[in-house]
Structures are given as C-alpha cells and as structure tokens.
Amino acid sequence: MAHIVGATRTPREKWIEEGLRTLAAGGPDAVRIEALAKRLGVTKGGFYGYFADRDALLTAMLDTWERESVDEVLDRIEREGGDPKARIQRAGMLTFSGGRLLPIDLAVRDWARRDEAVAERLRRVDNRRMGLLREMIGTFCSDPDEVEARSMIAFCVAIGEHFLVADHGDRTRAQVLARATDLILDRTPEDH
C-alpha cells in the first residue's frame, strides 16, 4: 500500500505577512488574493482554507498589526523595564524607527483616511499609545495640560518626522530629533 503525501499548505501567517508587506508597499488596494498567491508561489485555493474572503484577510492583517505594534511593544517595554523616559523612547523606537512596523503603521494611517472601520481601529491603537505617553510623562510632569501637550507633541514628532523633508541648517535630522526628545522628556543632553 503506497503512502500518499498531501501537499503542504501555505501557513495562514504567511498570507497575513505577505498582505502586510503589500499593504506597506502599495496600500490596501494592492492587497489582492491572486497577487499574494503569486508572490507566495502558491495557488489562491489555499487562501480559502484560512479566510472566507479578502475582507477576512484585511481584518486579520489589522489584528496582527495591532497586536505587534501595541500589545507586543507594551509587553516588551514592561519586561525590559527602565525609568519612564527610557520606556517612552523604547516604545517609540520599536514602533516608529523604521524596520517592519513603521511602513505598516504609515499605510494604516493612510488607509484610515478612507475607511471608517480602519479609522476606528487606528483610534483605538493611538489611544493606547497616548495612554502610555500620558502615564510615563505624568511621572515627571504634574500639570495635566502639560502632560497632554507633551504626549501629543511626542506622538506628532514620532509620526510626522517621517513626512517632513525640511532641512535643519547645519544640524542633522538625528540631532534635531534628539533635542526634541530632550525637550519633551524634560531632560538635558547631559542626562543621557
């Protein structure tokens, strides 16, 4: 009796990961089942073993983005500890300093401008991020209005600096960002 080996299915996570890469590169309209299957080197039939349709994939992609960019970041900064100022910087570095999460985050922000359900998801994520900033900044700043302002400025710098193309005279972008961070975190350059 011969043993027949079944075809190996492409794992669900591969579909989601390829979807997130595609979202980051081309926005939500670029996330097409047939195109993803081609990039994965598989037929699109395996897709339907995991997802009912494209919308189910998009939801799974947003779930993954939210888990990685908030839950996992918060877990990591809690695990690694440090003072509140170090935690703020670590959260920003993990989320907005390039690599994997930043391009996805920026694509989700663009997508949210045209899709209310995505905007609601982004609002939830941003509120959790702002909650962390408020909590951490509140440990060294007692004025609630200033805590809110510093939190908003920190968040705007983290996101907005990726869109800013201005020159900074004889300073590098990194120098200006370091000084902005010092101002937000109420420290002098000698503090670190």
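Residues numbered from 1 in each chain as written. Predicted model: local features only at pLDDT ≥ 70, side-chain atom pairs only at ≥ 80, totals over all residues. Heavy atoms only, no water.

Q: What should I look at first to understand the state of the cysteines in this one?
A: Here a disulfide denotes a covalent bond joining the sulfur atom of one cysteine to the sulfur atom of another. Here the structure, examined in full by the defined rule, presents 0 disulfides. Of all cysteine sulfurs, the one in Cys156 lies closest to Cys141, which takes part in no disulfide; the gap is 17 Å. (Disulfide = S-S within 2.5 Å.)

Q: Looking at this structure, I do not really get the environment of Trp65. What am I missing?
A: Mapped onto the elements of the fold, Trp65 is located in helix H3 (residues 54–80). For the pair formed by Trp65 and Glu17, sequence separation is 48 residues and the distance between their alpha carbons is 9.8 Å. When near neighbours in sequence (up to four residues on either side) are disregarded, Trp65 contacts Leu20, Val70, Ile104, Asp105, Val108, Arg121, Leu122, Val125 and Arg129. (Helix = DSSP H or I, 4+ residues; strand = E, 2+ residues; numbered from the N terminus. Contact = heavy atoms within 4.5 Å.)

Q: What should I look at first to understand the packing of helix H4 (residues 84–96) against helix H5 (residues 101–112) in this one?
A: To describe two helices that pack against each other, one gives the angle between their axes and the distance between the axes. Two elements in contact, H4 and H5, have axes whose closest approach is 6 Å; the angle formed by their N-to-C orientations is 80°. As summarised for this structure, H4 and H5 are arranged roughly perpendicular, according to the angle between their axes. Taking contact as the criterion, the partners of Leu94, Thr95 and Phe96 in H4 are, on H5, Leu101, Leu102 and Asp105. Residues belonging to the contact of H4 with H5 are distributed by class as follows: 4 nonpolar, 1 polar and 1 charged. (Axes fitted to C-alpha atoms, helices over the stretch in contact; angles between N-to-C directions. Parallel < 35°, antiparallel > 145°, perpendicular 65-115°, else oblique. Nonpolar A, V, L, I, M, F, W, Y, C, P; charged D, E, K, R; others polar.)

Q: Honestly, the nonpolar core in this entry has me stumped. Any pointers?
A: Across soluble globular proteins, nonpolar side chains have a tendency to be buried as a group. Counting 26 residues, the largest nonpolar core has Leu23, Leu57, Met61, Trp65 and Val108 as its most contacted members. Those elements giving two or more residues to this core turn out to be helix H1 (12–26), helix H2 (33–40), H3, H5 and helix H6 (116–137). Per-element accounting of this core gives the leading share, 7 residues, to H3. Setting aside anything within four residues of it in sequence, one finds Leu23 in contact with Pro28, Val31, Met61, Ile104, Ala107, Val108 and Trp111. One finds Ala91, Leu102, Met130 and Val147 within the second-largest nonpolar core, a separate group that totals 20 residues. (Core = buried A, V, L, I, M, F, W, Y, C linked by side-chain atoms within 4.5 Å. Buried < 20%, exposed > 50% of the residue type's maximum accessible area, 1.4 Å probe, protein only.)

Q: Help me understand the side chain of Ser151 in this model?
A: Here Ser151 shows up in helix H7 (residues 144–160). Looking at Ser151, the relative accessible area reads 0%, which means it is buried. Setting aside its immediate chain neighbours within four residues, Ser151 contacts Met130, Leu133, Arg134 and Ile137.

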